[in-house]
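# Inside the fold
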Amino acid sequence: MPLGVETRFLVLRDRFSLAGRTALVTGASRGIGRSIAIAFAEQGADLVLSSRKADALEAVATEIAALGRRAIVIPAHVGREDSIDALADRIEREAIAIDVLVNNAAVNPVMAGVLDLDPGAWRKVIDANVTGSFLLTRRIARGMVERGRGAIVNVASVGGLRVGPGLAAYDVSKAALIHLTRALAVELGPRGVRANAIAPGLVETRMAEALFRNEAGYRAYVSSNPLRRHGQPDEIAAAALFLASDAGSYTNGEVLVVDGGSVI
Ligand SMILES: NC(=O)c1ccc[n+]([C@@H]2O[C@H](COP(=O)([O-])OP(=O)(O)OC[C@H]3O[C@@H](n4cnc5c(N)ncnc54)[C@H](OP(=O)(O)O)[C@@H]3O)[C@@H](O)[C@H]2O)c1
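Residues numbered from 1 in each chain as written. Predicted model: local features only at pLDDT ≥ 70, side-chain atom pairs only at ≥ 80, totals over all residues. Heavy atoms only, no water.

## Notes on the environment of Gly 253
Here is the rule: Think of it this way: any DSSP run of H or I at least four residues long counts as a helix, any run of E at least two long counts as a strand, and we number them from the N terminus. Residue contacts follow a heavy-atom distance rule, with two residues in contact if any of their heavy atoms lie within 4.5 Å.
Looking at where Gly 253 falls in the secondary structure, it is placed in the loop between helix H9 (233-244) and strand S7 (255-258). Taking the C-alpha atoms as reference points, Gly 253 and Asn 103, 150 residues apart in sequence, are found 15 Å from one another. Every residue in contact with Gly 253, bar those within four places of it in the chain, is listed here: Arg 182, Ala 185, Ala 195 and Asn 196.

## What to know about the site of the ligand
Applied cut-off: Definition of nearness: a residue and a molecule or strand are near each other if at least one heavy atom of the residue lies within 4 Å of the molecule or strand. The term polar contact refers here to a pair of N or O atoms within 3.5 Å; inside protein, the definition further demands a hydrogen-donor-capable atom paired with an acceptor-capable atom, and it admits residues adjacent in sequence only when both atoms are side-chain atoms. Residues are sorted three ways: Asp, Glu, Lys and Arg are charged, Ala, Val, Leu, Ile, Met, Phe, Trp, Tyr, Cys and Pro are nonpolar, and all the rest, Gly among them, are polar.
Near the ligand there are 29 residues, and of these Ser 29, Arg 52, Asn 104, Tyr 170 and Thr 205 occur at the shortest range. Within the backbone of Val 78, a nitrogen or oxygen atom sits 2.9 Å from a nitrogen atom of the ligand. The backbone of Val 203 places a nitrogen or oxygen atom 2.8 Å from an oxygen atom of the ligand. Put simply, the parts of the chain that give the shell around the ligand at least two residues each are helix H2 (31-42) and helix H6 (168-188). Partitioned by chemical class, the residues of the shell around the ligand number 15 nonpolar, nine polar and five charged.

## Structural notes on the pattern of salt bridges
Pairs can form between side chains of opposite charge whenever their charged atoms are close. Under the convention used in this document: We define a salt bridge as a contact between a side-chain nitrogen of Lys or Arg and a carboxyl oxygen of Asp or Glu at a distance within 4 Å. The buried label applies to any residue whose accessible area, calculated with a 1.4 Å probe on protein chains only, is under 20% of its type's maximum; exposed applies above 50%, and partly exposed to all values in between.
Summed over the entire model, instances satisfying the criterion amount to eleven salt bridges. A salt bridge links Arg 139 to Glu 92, with the shortest nitrogen-to-oxygen separation between them at 3.1 Å. Linking Arg 139 in helix H5 (residues 119-147) with Glu 92 in helix H4 (residues 81-93), this pair joins segments that are 47 residues apart in sequence. Its relative accessible area of 16% is what places Arg 139 among the buried residues. In this structure, Asp 99 engages Arg 149 in a salt bridge whose closest nitrogen and oxygen atoms are separated by 3.3 Å. Residue Asp 99 is located in the loop between H4 and strand S4 (100-103), and its partner Arg 149 is located in the loop between H5 and strand S5 (150-155); the two are separated by 50 residues in the primary sequence. If you follow the salt bridges from partner to partner, you end up with Asp 85, Asp 89, Glu 92 and Arg 139 in one network.

## Thoughts on the packing of aromatic side chains
Aromatic rings considered in pairs are described by the distance between their centres and by the relative angle of their planes. The test is simple: The aromatic pairing rule takes the rings of Phe, Tyr and Trp, using the six-membered ring of Trp, and pairs them if the centres are within 6.5 Å, calling planes under 30 degrees apart stacked, those over 60 edge-to-face and the rest tilted.
For the structure shown, the criterion picks out one aromatic pair. Ring centres of Phe 212 and Tyr 218 lie 5.3 Å apart, and the angle between their planes is 35 degrees; on these two criteria the pair is classed as tilted. For Phe 212, a relative accessible area of 22% gives the class partly exposed. Judged by its relative accessible area of 23%, Tyr 218 is partly exposed.

Right under this line is the structure:
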């Protein structure tokens, strides 16, 4: 018997639910990570919130508690292996089963051409944006594989698809994160774990402040963008929800570009 339109709508809506699931979001204290954590909580998930600063994370945890969901704060530095291990150890010790991992924290401390790029700055970017995601995924995905289900969402960038001047380290890190996502999709897919990436365009957050201050660069971005505007963090969170939930159950190894059409 075919389902009625109303019933089909309800079934589809339920696929975006994260009720009964627990998500770990890095860089959850502000910007895109905070929006993702709140969107997940609104859809019924409990959260583990991580970034370097506990105070800012506690404020997000309070917002999540007001939504009736549980949020645990575990500060960690994604550029440091000992710190990532401490985060994963605590999750194991408290027997928290992570269903969704969002590798969102990243750094972009330098703007310099390749010939002027300080090797220390290069390492800092690669350590945090690529190696950090690899190390945390390596620890967290083990439990997902044991349970035979899980979703990994890596927040990359359009810079991982198209290189911008002075952004070599950052763009290379995001290209590597996209390829790490694909490797995970191939290796973990058969074990019930999906891995996908999001490639945001320009989004209004603290990380992008320098790009907003560069008036000529900002005008060029907006005027060449088919939607003629920059993005907001909750527009990235919506994409993360699709990839993390059963709505994205047949989406694996994908790079979802959320940029108003700027890279077309
Ligand atoms: N905004 C954009 O236009 C844009 C475009 C494309 C991609 N993205 C990507 O979106 C993601 C989120 O960035 P955002 O724009 O939301 O930036 P944001 O507002 O500056 O937030 C960055 C978050 O990462 C945390 N963080 C920074 N360094 C960290 C470290 N070493 N270890 C752990 N946590 C760290 C920060 O918290 P603490 O200070 O407490 O550590 C904060 O929670 C990043 O992967 C970024 O590359 C952003």
